[in-house]
Amino acid sequence: TYYGQVLKKSADLRTNACVAAARAVPKHIREALQNVHEEVALRYYGCGLVIPEHLETCWILDLGSGSGRDCYALSQLVGEKGHITGIDMTKEQVEVAQKYLDYHMEKFGFQTPNVTFIHGYIEKLGEAGIKNESYDVVISNCVINLLPDKQLVLQEVYQVLKCGGELYFSDVYASLELPEEIRTHKVLWGECLGGALYWKDLAILAQKIGFCPPRLVTANLITIQNKELERVVGDCRFVSATFRLFKCPKTGPSKRCQVIYNGGITGHEKVLIFDASFTFKEGEIVEVDEETAAILKNSRFAQNFLIRPIGEKVPTSGGCSALESKDIITDPFKLAEDSDNVKSRCAPDVAGGCCGTKKCC
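Reference entry: report on the structure contained in this document. (Residues numbered from 1 in each chain as written. Predicted model: local features only at pLDDT ≥ 70, side-chain atom pairs only at ≥ 80, totals over all residues. Heavy atoms only, no water.)

## Section: the overall build of the protein
Within the protein, the regular secondary structure consists of 13 helices and 14 strands. Here the protein, with 361 residues, has 53% of them falling under the buried criterion. Approximately 16,800 Å² of the protein is accessible, and the part contributed by carbon and sulfur atoms is 51%. (Helix = DSSP H or I, 4+ residues; strand = E, 2+ residues; numbered from the N terminus. Buried < 20%, exposed > 50% of the residue type's maximum accessible area, 1.4 Å probe, protein only. Areas by Shrake-Rupley, 256 points an atom, 1.4 Å probe, with all protein chains shown as cover.)

See the structure below:
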């Protein structure tokens, strides 16, 4: 009811939970988003940008696809040999998405549609006709918090992902276990706060299901522009965060490795910001932990990296090295606060100051 009838456009939201930006958007993605029909974009209620890298020919499932904005953007990135499936429980949203299918396929110049929309439940993917081990990437934009049973939907995602596949998702997390008053508040639930997971529980659920440990990508603190909702929320804080969860094979213990990014990924030819902990520059040797090495070896990124055990000589083309060990960043609240501190430090005193280029923010 909230998404289909109460809200008519993103401006009707009472918090910034569902529209918080994540980070600077690459040019090729900005262009893809600009090709999406205006009505589809206006009915967009996501809490981040859930478009990962290296998607050519991928099969992608969008959980809670809503009006189809992300699906139509992704359609252009995977190309005609790839495919996008969007599933949503809100009939009105699915109808908006389907209404513009022919419009977008014609605009993209595709002879055969590469997007399908399904009216169904994301915690019942099998019942919706989605086959196991059939998708390279699953995305979700501010939707998993709306489900009472987070473990169930994560298990469903694990089943439909291919080995080496990834769940790349943006969602809302709480700083503590939510009390009953927040969890049963209808407006807070619709605004993506009432069902938010305590952030530390994500790693516990991921391990239980079989995913590699969550990789934190971006995080932004959420503000509430409503006095009544502020009173109900009290001391609890919320953050919108993007995580990556990979389904890696159950092999023996892996080792720390040194890796070199070969470059070439569209929009990230020279630099690949993999997550909050690792940024890979073309030709640079980087030491990575066991989990990161396993992910790079077994995912769609394998062909873009040279991966060798620590100590083995790695061929370089004159690139520099970044061989110090580093801690993996896992706390979205700390990341969001650190990001805000950086933004405030480099806020320009005059127009055209350092943040005018967006490089430091």
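Let us keep going from here.
## Overview of the pairing of strand β9 (residues 257–261)
Here β9 lies mainly inside the structure; 5 of its 5 residues are buried. Of the two faces of β9, the one lined by C257, V259 and Y261 and the one lined by Q258 and I260 are each fully buried. Both β9 and strand β12 (residues 285–288) contribute to a ladder of 4 bridges, which runs antiparallel. Bridging from a neighbouring strand, V259 pairs with V286 of β12. With 5 bridges joining them, β9 and strand β13 (residues 305–309) adopt antiparallel strand pairing. By the bridge assignment for β13, Y261 is matched with F305. (Pairing = 2+ DSSP bridges.)

## Comments concerning the packing of helix α2 (residues 27–34) against helix α4 (residues 69–78)
Packing of α2 against α4 brings their axes to within 8 Å, and their N-to-C directions diverge by 125°. Comparing their axes, α4 and α2 come out oblique. Handedness of the crossing formed by α2 with α4: right-handed. Here α2 contributes H28, I29, E31, A32 and L33 to the contact with α4, which in turn contributes R69, A73, Q76 and L77. By residue class, the composition of the contact of α2 with α4 is 5 nonpolar, 2 polar and 2 charged. (Axes fitted to C-alpha atoms, helices over the stretch in contact; angles between N-to-C directions. Parallel < 35°, antiparallel > 145°, perpendicular 65-115°, else oblique. Left-handed = near helix turned anticlockwise from the far one by under 90°. Contact = heavy atoms within 4.5 Å. Nonpolar A, V, L, I, M, F, W, Y, C, P; charged D, E, K, R; others polar.)

## Here we look at helix α5 (residues 91–99)
Within the sequence span of α5, burial applies to Q93, V94, V96 and A97. Summarising the axial view, the buried residues of α5 lie within an arc of 155°, below the 170-degree limit, and thus occupy one face. (Arc of directions from axis to C-beta.)

## Brief notes about the environment of P315
As for its position among the elements, P315 is in the loop between β13 and β14 (321–322). Sequence separation of P315 and G283 is 32 residues, and the distance between their C-alpha atoms is 9.5 Å. Leaving out residues up to four positions away in the same chain, P315 has contacts with I260 and L306.

## Some points on the nonpolar core
Of all hydrophobic cores here, the largest spans 38 residues; its most connected members are L61, L63, V138, L154 and Y173. Of all the elements, helix α7 (residues 150–160) adds the most residues to this core, at 5 residues. The contact partners of L63, leaving out residues within four places of it in the chain, are I87, I122, L125, V138, I139, S140, N141, V143, V153 and V157. (Core = buried A, V, L, I, M, F, W, Y, C linked by side-chain atoms within 4.5 Å.)

## A word on the side chain of Q258
Looking at the element boundaries, Q258 is found in strand β9. Residue Q258 is classed as buried on the basis of its relative accessible area of 7%. A polar contact of 3.3 Å, which involves the side chain of Q258, links it to the backbone oxygen of P309. For Q258, the side chain forms a polar contact with the main-chain oxygen of E312, separated by 2.5 Å. (Polar contact = N/O pair within 3.5 Å; in protein donor to acceptor, adjacent residues only side chain to side chain.)

## Focus on the environment of T184
Mapped onto the elements, T184 comes out in the loop between α8 (180–183) and α9 (186–190). When the C-alpha atoms of T184 and G195 are compared, they prove to be 8.6 Å apart, with 11 residues separating the residues in sequence. Looking at T184, its side chain comes within polar contact range of the main-chain oxygen of E180, at 2.8 Å.

## Some remarks on the packing of aromatic side chains
Scanning the model with the defined rule gives 13 aromatic pairs in all. When the ring of F169 is compared with that of F243, the centres are 6.5 Å apart and the planes differ by 35°; the resulting orientation is tilted. Here the residue F169 occupies a position in strand β5 (residues 161–174), and F243 occupies one in strand β8 (residues 238–246), the gap between them amounting to 74 residues. When sorted by exposure, F169 lands in the same class as F243, which is buried. An aromatic cluster of three or more residues is present, and its members are F246, Y261, F274, F278, F280, F301 and F305. Across the ring face of F274, the terminal group of R244 is positioned such that the distance to the ring centre comes to 4.6 Å. (Phe/Tyr/Trp six-rings, centres within 6.5 Å; stacked < 30°, edge-to-face > 60°. Lys NZ or Arg CZ within 6 Å of the ring centre and 35° of its normal.)

## Topic: the pairing of strand β2 (residues 83–88)
Counting buried residues in β2 gives 6 out of 6 residues, a clear majority hidden from the surface. Here β2 shows a buried face lined by H83, T85 and I87 and a second buried face lined by I84, G86 and D88. Where strand β1 (residues 59–63) meets β2, 5 bridges bridge the pair, whose relative direction is parallel. Residue I60 lies in a different strand from β2, and its bridge partner there is I84. In the classification by handedness, the crossover that spans β1, the intervening α4 and the parallel β2 is right-handed. Bridge analysis of β2 against strand β3 (residues 115–119) gives 5 bridges, and the strand direction is parallel. Pairing of I84 across the sheet is with V115, part of β3. (Right-handed = clockwise from strand over helix to strand, strands pointing away.)

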